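Survey of secondary and tertiary structure
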Amino acid sequence: MQDRGRLGVLLVAPALAAVLVLFIYPLGYSLVTAFQAKGGGFTLGNFAKAFEFYSVDIGFTLVIIVVSTLLIALASVAIGGYLTLGENPLAVAVLRWLYRWPLFIPFVVAAQCMRTFLAKNGLMNNTFVSLGILDVDQTIGFLDWRGIIITFVWKQTPFVALLVAGAMASLDRSTIEAARNLGAGRLRILFEILVPQVMPTLVVGLILSFVTMMSVLSVPLMISGESPTMMTVDMAFRINNYGDYGTANALGFISYLMTATCAWFYLKRQIR
Amino acid sequence: MKRNLALLASFSLVCAALTAAPAIAQQTTLNVVTAGDQNMVDYIKDFLAPRFEKTNPKAVVKAVGTGPGDGGSQKIAEKLQAQKGNAAWDVDVAVIHQKMAGDLVREGLLAPYVRDVSTGRLVTSEASKNALGTNVQGYVIPMFQSQIAIAYNPALVKNPPKSYEELAAWAKANPRKFGYNGIKGGMSGVGFVVGWVYANTPDGDKLMKGPYDANTKANWDGALGKLKEFNRSVVITPGNAGTLDMLNRGEIAMGPVWVDMFYTWIADGKLPPNMRLQLIGPGLPGQPMYYVIPAKAANMEAAKKFVEMATSPAVQAEGIVKKFNWYPGIDAQHVKSQLDDKTWNKLFVDVTPQELASKGKVFPIKPYFDDILESYERKVLN
Amino acid sequence: MRAWIGRGIVFGLLAFIILGPLANLALWAAAEQWYFPHKLPVVYGTKFWEQVFKPRGDALVSLVTSVWIALATVAASLALAVPAGYALARLKLPWRTAILLAFLLPQAFPSLAVYINIARIFYEFRLNGTMTGVIMVHTVHGLVFAVWITAAAFAAVERDLELAARNLGASGLRTFLTVSLPLAAPGILASAIFVFLESLDEFTGTFFVGVPDVITLPLLMFTASIAGNYQIAAITALVLLVPSVVFMLIIERFLKADVLSKVGA
């Protein structure tokens, strides 16, 4: 038995080593450097500088990600719900085919699509103008923080919806049938029966999305011109233009805190 | 039997490889790394490389771009710094901005090659000796001189503003019709901000010539406050090309652009041909980009030949002025004689030589430059 | 009938939202000239396709670079993930929770800051700007998915089949090679495809570790877009999308619901 234990460790070791060297070590480096002054030694100066320069962006990052996550949650629950409770097989099939498209579009490509789609005279507004919904002068360009939210929601909803729909599909249909027989409307079934049961899957999907969105650089870089934008752009700017690892890592530390807080809320619910 | 065949096969392969190796080894790859927008890379790849390879058949030019603005130059500096201890470096020729050139000369990472190339005596401009306050004479030859001006659509802007003050008033009256790319997207936005500081503080000359006084930035609060206010009525575009693109699509009516990019875009059909330029007072900065050769370039001789070719009057005339609409890097008289009047004057249609002389500024010396950028981040963005 | 009008409007809107941006991409890929105030391209043409795929062009080099890196990443990831996944699914592991946590961490922390520091560390080892460096970064990024999916795939193999093989006298290794591996193959293939796609589309890590020497297709697309070359950006984006969409169709067959539900569990 001991042999098998050792064999197990041996098999896991290379992969573990890769993660340790190429992720955990740089992560530690990042955490430490955030507190290091230029000549070595402990300092909070990097954080002071980060807040001095980027407090608006830090705030906006939080807003962008929280709003995106909420919208993703709503959209994926709606999609999952319709796929599970939809009565018309054709409509369900159409939705199933339609919603998955953005799933396999990488963030860079999604950003490029949106860059010209959401512009003041981009395809979206042009379509509205052609349909007579808007005048040429009334069109608004969405190439700022709102465009970032739109792109994130567009890209991440199919992922979470996939997880949620899968979870809903594996639920016991008898509860749904029972509720229907008692005359419950579909919306009610969705929120009172389906959602509570798939909540763990939904939350996992949302947390994964939260972390992913916090790491994306291409989208804010390509869609939003400047401030307010996401912290990732500021971190890249600090590194590429100044080689300022201290401030960049301080910003990184703040992003870890944000993710950790969100995860902590999740864990707290679980432990309850 | 099978093993013998296998041995034979591998032996032949090795022989073939050995004979091929010298042939391949005879070809030198010249690594040219340039900061700046895509047009810089295109210039090297599509214009300079074929010319060089024709006169040097054993050479192949490899062009790499590191991105626009000081970030691109920073990447080149990092590459050189990382290889400091090596015997030969993998960058043979680099094209960088002024700020980084000063730093690299001070760190001893560049070769004083100018005395070894024949075109060295053709350039006597201030820009070839002084990079934002650092003496770089002997280490650099300007590739071109470039200037920022405000591009506007005369159909949408009947009376273009002539000064920063008029511009601020215009922007307030026409919200979101002016756009610039801030300080993170490229140097045209940076130049605009610098020009704003020159216009709204009395320190202009001191910022450009020195001496450096760390307390000066405290006087900028008023100017920066006004800039923050100004930003509320304008659009921040995603880069040098972003401004041009938005001008093209009618999303903004005015914005600061590099004069050369402006003319190139019109020539490429990416900008309507009716667009015009205005150099607003008291002035906007311009900058050269420099050809430099790293101190331990692997192919030093080829590198020098490359720069010599690139700074020859013929190439400067054909490539820099005619094809890419830059002001020449070497002294103008050597280049003007190689061109017909029409081509030469095309550069000066909207911005006359007199305007260029009086309102074409330089960027501030490095410590002030850094202060301006930092203050912008602190006071305007935050 | 009335229901379909309502459904039609909703689906129409949904189709516009989901497919609109993609249609936009297709339009730009087919356009030669498109400027305000025209709502659709002024001149359609393939001029930019020629420019993108010209022999001296960057796009072909980047494509080859991207594919080569992706394949190497898949090889490296599988070499690491298959043994690890098997161990996690079948063997007793000391510190099992800690190991699971270690593999979970890359998904729990925003990776941008980590990439920045990897670049700096690579700098010291002269790995910055090299293919090897980029492959290493992509491998770690893909390893997380690979380990989880492979572990789920091995866990889904019926234990009885393996026990039967052992009972017949096969050694552990032989059982693994002839029973477990073939049965888990679809799941392993799925993780290979996932890793391939993740590597092909990876932007942020390559932005810090690869530039300026290693230019992958996403970086090329990004540069073209920032420079305002929307036609080139759109064409490059389409080239990037082809493997994604093709594999999306293949992956549907392999990623069954039960494997998916074990992901992240």
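Residues numbered from 1 in each chain as written. Chains lettered and ligands numbered in written order. Predicted model: local features only at pLDDT ≥ 70, side-chain atom pairs only at ≥ 80, totals over all residues. Heavy atoms only, no water.

Okay, unusual backbone geometry next. Residue and element names in this part refer to chain B. Residue Pro 282 is bonded to the preceding Gly 281 through a cis peptide linkage, with omega at -5°. Structurally, the position occupied by Pro 282 is in the loop between β10 (276–278) and β11 (284–292). A positive phi is found at Arg 176, a non-glycine position, where the angle reads about 60°. On the secondary structure map, Arg 176 appears in the loop between α5 (164–173) and β7 (179–180). Given the relative accessible area of 49%, Arg 176 is considered partly exposed. In this structure, Asn 325 is a non-glycine residue whose phi angle is positive, near 60°. (Helix = DSSP H or I, 4+ residues; strand = E, 2+ residues; numbered from the N terminus. Buried < 20%, exposed > 50% of the residue type's maximum accessible area, 1.4 Å probe, protein only.)

Take the interface of chain A and chain C next. Interfaces are often described in size by the accessible area the parts lose on coming together. Listed as interface residues are 76 residues of chain A and, on the opposing side, 73 residues of chain C. Taken together, both faces of the contact between chain A and chain C bury some 7000 Å²; the carbon and sulfur share is 79%. Contact with chain C buries area across many residues of chain A, yet Leu22(A), Phe23(A) and Phe104(A) alone supply 10% of it, more than any other trio. Where chain A packs against chain C, one counts zero salt bridges. Taken together, the connections running from chain A to chain C amount to nine residue pairs in polar contact (both at pLDDT 80 or more). The dominant element in the side of chain A that touches chain C, judged by the number of residues it contributes, is helix α1 (residues 2–33) of chain A, at 21 residues. In terms of residue class, the side of chain A that touches chain C is built from 54 nonpolar, 19 polar and three charged. (Contact = heavy atoms within 4.5 Å. Buried area = accessible area lost by both parts, 1.4 Å probe. Salt bridge = Lys/Arg side-chain N within 4 Å of Asp/Glu carboxyl O. Polar contact = N/O pair within 3.5 Å; in protein donor to acceptor, adjacent residues only side chain to side chain. Nonpolar A, V, L, I, M, F, W, Y, C, P; charged D, E, K, R; others polar.)

Attention now moves to the interface of chain C and chain B. Taken together, the contact between chain C and chain B spans 17 residues of the former and 24 residues of the latter. Taking both partners together, chain C and chain B bury about 1900 Å²; carbon and sulfur atoms supply 46% of that area. Scanning the region where chain C abuts chain B turns up one salt bridge. Residue Lys79(B) pairs with Asp213(C) through a salt bridge whose shortest N-O separation is 2.9 Å.

The topology assignment puts Ile116(C) in helix α5 (residues 112–124). Counting along the chain gives 99 residues from Ile116(C) to Ile17(C), while the straight-line C-alpha distance between them is 34 Å. Contact partners of Ile116(C), with chain neighbours within four places excluded, come to Met235(A), Ile239(A), Tyr245(A), Ala248(A) and Phe208(C).

Take the confidence of the model for chain A next. Do not read the fine detail of predicted coordinates wherever pLDDT is low. Of all residues in chain A, 94% attain a pLDDT of 70 or more, and the chain-wide mean is 84. Of all secondary-structure elements in chain A, the lowest mean pLDDT belongs to helix α5 (residues 123–130) of chain A, at 79, while helix α2 (residues 45–85) of chain A reaches the highest, 89. (pLDDT = per-residue confidence, 0-100.)

Glancing now at the pairing of strand β3 (residues 93–96) of chain B. All names here are of chain B. The alternating pattern of β3 places Val 93 and Val 95 on one face and Ala 94 and Ile 96 on the opposite face, and all of these are buried. Two strands pair when backbone bridges link them, and strand β1 (residues 28–34) and β3 are joined in this way by three bridges, in the parallel orientation. Paired with Val 32 across the two strands is Val 93, which belongs to β3. Pairing analysis gives three bridges linking β3 to β11, with the strands arranged antiparallel. Within β11, the position partnered with Ala 94 by the bridge is Val 292. (Pairing = 2+ DSSP bridges.)

Before going further, it helps to spend a moment on the domain arrangement of chain B. All names here are of chain B. Structurally, chain B comprises domain 1 (6–145 + 288–346) and domain 2 (146–286 + 351–381). The C-alpha-based centres of domain 1 and domain 2 are spaced at 29 Å. Facing 17 residues of domain 1, the contacting portion of domain 2 comprises 19 residues. Carbon and sulfur atoms make up 58% of the area that domain 1 and domain 2 hide from each other, which totals about 1600 Å². Seen at the junction of domain 1 and domain 2, the total is two salt bridges. At the junction of domain 1 and domain 2, the tally comes to six residue pairs in polar contact (both at pLDDT 80 or more). Secondary structure elements with two or more residues in the side of domain 1 that touches domain 2: α3 (69–82), α4 (98–106) and β6 (141–152). At three residues, the largest contribution of residues to the side of domain 1 that touches domain 2 is made by α4. When the residues that make up the side of domain 1 that touches domain 2 are grouped by side-chain class, the tally is five nonpolar, six polar and six charged. (Domains from an automatic or database assignment.)

This brings us to the packing of aromatic side chains. Under the criterion given, the structure shown has 41 aromatic pairs over all chains. With a centroid separation of 5.7 Å and an interplanar angle of 50°, the aromatic rings of Phe117(A) and Phe16(C) are classed as tilted. Of this pair, Phe117(A) sits in helix α4 (residues 107–117) while Phe16(C) sits in helix α1 (residues 2–30), on two different chains. Aromatic rings pair up to connect Tyr164(B), Phe178(B), Tyr180(B), Phe192(B), Trp196(B) and Phe230(B) into one cluster. Between Lys99(B) and the ring centre of Phe369(B), over which it is positioned, the NZ or CZ distance is 5.0 Å. (Phe/Tyr/Trp six-rings, centres within 6.5 Å; stacked < 30°, edge-to-face > 60°. Lys NZ or Arg CZ within 6 Å of the ring centre and 35° of its normal.)

Our next topic: a nonpolar patch on the surface. Residues and elements named next belong to chain A. Where nonpolar side chains cluster on the molecular surface, the patch consists of Val 63, Val 67, Leu 71 and Leu 74 and spans about 320 Å² of accessible area. Secondary-structure assignment places Leu 74 in helix α2. Accessibility expressed as a relative area gives 58% for Leu 74, which makes it exposed. (Patch = residues over 30% accessible without salt bridge, like charges linked within 9 Å, V, L, I, M, F, W, Y side chains within 5 Å. Areas by Shrake-Rupley, 256 points an atom, 1.4 Å probe, with all protein chains shown as cover.)

This brings us to the side chain of Ser233(B). Among the structural elements, Ser233(B) can be located in the loop between α8 (221–232) and β8 (235–236). Here Ser233(B) falls in the buried class, since its relative accessible area comes to 12%.

Residue and element names in this part refer to chain B. Counted by the stated rule, this structure contains 28 salt bridges over all chains. The partner of Lys 304 in a salt bridge is Glu 301, with the nearest N and O atoms 3.9 Å apart. Placement of the pair is Lys 304 and Glu 301 together in helix α11 (residues 300–310), with a separation of three residues, close to one helical turn. According to the relative accessible area criterion, Glu 301 is exposed, its value standing at 55%.

Spanning 25 residues, helix α6 (residues 145–169) of chain A covers 35 Å between terminal C-alpha atoms, matching the ideal 36 Å at 1.5 Å per step. α6(A) sits mainly inside the fold: 18 of its 25 residues count as buried. (Expected span 1.5 Å × (residues − 1).)

Membership of the largest hydrophobic core comes to 140 residues, with the highest contact counts inside it found for Val109(A), Phe152(A), Val219(A), Phe103(C), Leu143(C), Phe207(C) and Phe208(C). For Phe152(A), the contacting residues outside a window of four places in its chain are Ile64(A), Ser68(A), Ile72(A), Phe107(A), Thr157(A), Met213(A), Val216(A), Val219(A) and Met230(A). In terms of nonpolar packing, the next biggest core, distinct from the first, is built from 132 residues, Leu109(B), Ile320(B), Tyr327(B) and Leu381(B) among them. (Core = buried A, V, L, I, M, F, W, Y, C linked by side-chain atoms within 4.5 Å.)

Residues and elements named next belong to chain A. The domain architecture assigned to chain A consists of domain 1 (1–34) and domain 2 (45–271). Distance between the C-alpha centres of domain 1 and domain 2: 31 Å. Counting residues at the interface gives five residues for domain 1, matched by eight residues for domain 2. In this assembly, domain 1 and domain 2 are joined by zero salt bridges.

Our focus in this paragraph is the pairing of β1(B). All names here are of chain B. The element β1 is extensively covered by neighbouring structure, given that five of its seven residues are classed as buried. Here β1 pairs with strand β2 (residues 59–65) via seven bridges, running parallel. Across the sheet, residue Leu 30 finds its bridge partner in β2, namely Val 61. Running through helix α2 (residues 38–55), the crossover from β1 to the neighbouring parallel element β2 is right-handed. (Right-handed = clockwise from strand over helix to strand, strands pointing away.)

Further remarks concern the packing of α2(A) against α6(A). Residues and elements named next belong to chain A. Where α2 contacts α6, the two axes come as close as 7 Å, and the packing angle between them is 40°. Taken together, the axes of α2 and α6 lie oblique to each other. The two elements α2 and α6 cross, and the hand of that crossing is right-handed. Grouping the amino acids of the contact of α2 with α6 by side-chain chemistry returns 19 nonpolar, seven polar and no charged. (Axes fitted to C-alpha atoms, helices over the stretch in contact; angles between N-to-C directions. Parallel < 35°, antiparallel > 145°, perpendicular 65-115°, else oblique. Left-handed = near helix turned anticlockwise from the far one by under 90°.)

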